[in-house]
Structures are given as structure tokens and as C-alpha cells.
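Survey of secondary and tertiary structure
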Amino acid sequence: GDWSSDVCSSDLLKKNLRIKFKRLRKERYFEVKESFFNPLISFLKKNYKKKINLCLYCPINYELNVMKLANMLKDNSYYRFLLPKITKKELDFHEWKYLSPLKLNKMGLMEPLSNIRYRPDVIIAPLLAYDKNKNRLGYGLGFYDKYIKKNKKKYNMITIGAAFSFQYYKNLPTNFFDEKVDYMLTEKGLFK
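Residues numbered from 1 in each chain as written. Predicted model: local features only at pLDDT ≥ 70, side-chain atom pairs only at ≥ 80, totals over all residues. Heavy atoms only, no water.

Some thoughts on the overall build of the chain
Per the secondary structure count, the chain includes four helices and 11 strands. A globule of 192 residues ought to have a C-alpha radius of gyration of about 16 Å, and the chain, at 16 Å, matches this closely. Principal-axis analysis of the C-alpha atoms places the extent of the chain at approximately 55 × 35 × 30 Å. The proportion of buried residues among the 192 residues of the chain is 49%. Accessible surface, the chain: about 10700 Å² in total, of which carbon and sulfur atoms supply 54%. Taking the 39 positively charged and 19 negatively charged side chains of the chain as two groups, their mean positions are separated by 2 Å. (Helix = DSSP H or I, 4+ residues; strand = E, 2+ residues; numbered from the N terminus. Rg over C-alpha atoms; globule rule 2.2 N^0.38 Å. Buried < 20%, exposed > 50% of the residue type's maximum accessible area, 1.4 Å probe, protein only. Areas by Shrake-Rupley, 256 points an atom, 1.4 Å probe, with all protein chains shown as cover. Lys, Arg positive; Asp, Glu negative; His and termini not counted. Charge placed at Lys NZ, Arg CZ, Asp CG, Glu CD.)

Below you can see the structure in the form of C-alpha cells.
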């Protein structure tokens, strides 16, 4: 019942799950078809009547390739693409024009060159695993969790986890710092 020992056992389980799901994603990765994103595009059209600040990510380590979505929407001025940028140990979202150059940050992640920041309406977040309660297992640095906790309610943002269905885990260990996503997008559809 000691809080700190619960956190330690939860952290150890998360660490082991990260190893397992990194390996699984590498073994079972596949390039998604454009049709993968159709449920999401329908959802966005139905729920947003104004220009959408849509946050994507540059896939690394066999993450689901959401850049296909950017390719599908590139000619639609209704969408403004944002990409995450890490500044002062915090996540921020900067404008990115389709196919404009990116730079490698100190952590080995690709970031936009732009210094124009926007608040996302919709964040599509990468993950290693997800569960039936919309918990998301990230890489353990907490960048997305901190940003979502600080801004979600204030700005009414929608968060969507993007993953392959084989990244499902029945009950992920969570703690106070973890933030759920609103929806999950897999090859089986968009789920609330």
C-alpha cells in the first residue's frame, strides 16, 4: 500500500512493456495504406468547421507513419500542420509546411525549422502501447503527458493515439502523471 513502492513497481512494469512493444512493433510493422486515415478525416470534417491546427509527428523506430495523412491533406488549406519541438525540456508545436526541411534535435528527433508556434486543435500522438481505457504508453519522458495536462481542458484539444492494433495491452500501469487520449486510431478504425 506504500505509494512510492507502487510507483516503483509500476515504473518497472512500464520499462519492461516498453522493451516488449518496441520489439513487437519492429517485428510486425507494416506501411499503412491511405485508407487507414479515412475514419479520422471523416471525424475531422464532421467536428471542425474552421481551419484545424493538426499536430502530426515524424515517425521513428517503426512508429505508425502519420506523414501519409499529411500527404493526403497537403492541398487542403483547411489544415495547418504542426510538428512537436522540444524547447527547454518542454514540448511545443510549430508550423510545418508539407515537405519543408526538418532538422535533427539533440534527442535524434526531426523538428520543424519554423519558430511559429500554434496551439493544436488535434494532437495525433505516437505510442508504444495502448489499452481499453485509452491509456497510452509513451517512451517515458512525459513530454506529451505534460503538455496535455497543462493545456487540454483550457483549450479544448482532442488527443488521438495512432497505433497498430497489435500494440494493444489489456491494462497498462499508470500513475498520476499519465494522460489518457480521447480516441485511438488503428487499422480497425477510430475508437472513442
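What follows continues from the structure just given.
Section: the pattern of salt bridges
A complete count under the given rule lists 10 salt bridges for this structure. Where Lys 50 meets Asp 121, a salt bridge forms, and the shortest distance between an N and an O atom there is 3.2 Å. One end of the pair, Lys 50, is in the loop between helix H2 (38-47) and strand S1 (52-55); the other, Asp 121, is in the loop between strand S5 (110-112) and strand S6 (122-125), and 71 residues separate them in sequence. One salt bridge in this structure joins Lys 150 and Glu 90, with 3.5 Å as the shortest N-O distance. Here the residue Lys 150 occupies a position in helix H4 (residues 143-155), and Glu 90 occupies one in strand S3 (residues 90-95), the gap between them amounting to 60 residues. What you see here is one network of salt bridges that share partners, running through Arg 80, Glu 95 and Lys 97. (Salt bridge = Lys/Arg side-chain N within 4 Å of Asp/Glu carboxyl O.)

Here's the deal with the environment of Tyr 169
In this fold, Tyr 169 is placed in the loop between strand S9 (158-162) and strand S10 (183-186). In this structure, the C-alpha to C-alpha distance between Tyr 169 and Lys 103, residues 66 residues apart in sequence, is 33 Å.

Observations regarding the packing of aromatic side chains
What the rule picks out here adds up to 14 aromatic pairs. Pairing Tyr 29 with Phe 164 gives two aromatic rings, centres 5.5 Å apart and planes at 80°, and the pair type is edge-to-face. Of this pair, Tyr 29 sits in the loop between helix H1 (3-28) and H2 while Phe 164 sits in the loop between S9 and S10, and the two are 135 residues apart along the sequence. On the basis of relative accessible area, Tyr 29 is assigned to the partly exposed category, the value being 27%. The exposure class of Phe 164 is buried, given its relative accessible area of 0%. Put simply, the rings of Tyr 29, Phe 30, Tyr 62, Phe 164 and Phe 166 pair up and form one aromatic cluster. Across from the ring centre of Phe 143, 5.8 Å away, lies the NZ or CZ of Lys 146, which sits over that ring. Cation over ring: Lys 149 sits above Phe 176, and NZ or CZ is 4.5 Å from the ring centre. (Phe/Tyr/Trp six-rings, centres within 6.5 Å; stacked < 30°, edge-to-face > 60°. Lys NZ or Arg CZ within 6 Å of the ring centre and 35° of its normal.)

Quick word on the environment of Tyr 139
With respect to the helices and strands, the residue Tyr 139 is situated in the loop between strand S8 (136-137) and H4. Given the relative accessible area of 30%, Tyr 139 is considered partly exposed. Considering only alpha carbons, one finds Tyr 139 and Arg 18, 121 residues apart in sequence, at a separation of 7.1 Å. Once residues within four sequence positions are removed from consideration, Tyr 139 is found in contact with Arg 18, Lys 22, Arg 25, Ile 60, Glu 63 and Leu 128. At 2.8 Å, the side chain of Tyr 139 and the side chain of Arg 25 are in polar contact. A polar side-chain atom of Tyr 139 sits 2.6 Å from a polar atom in the side chain of Glu 63. (Contact = heavy atoms within 4.5 Å. Polar contact = N/O pair within 3.5 Å; in protein donor to acceptor, adjacent residues only side chain to side chain.)

Quick look at the side chain of Asp 145
Mapped onto the fold, Asp 145 is located in helix H4. As a buried residue without a salt bridge, Asp 145 has its nearest oppositely charged side chain in Arg 136, at a separation of 4.0 Å. Polar contacts involving the side chain of Asp 145 include one to the main-chain amide nitrogen of Glu 179, which spans 3.0 Å. With near-sequence residues (within four places) excluded, Asp 145 lies in contact with Arg 136, Phe 177, Asp 178 and Glu 179.

By themselves, these figures tell us nothing about what the structure is for.
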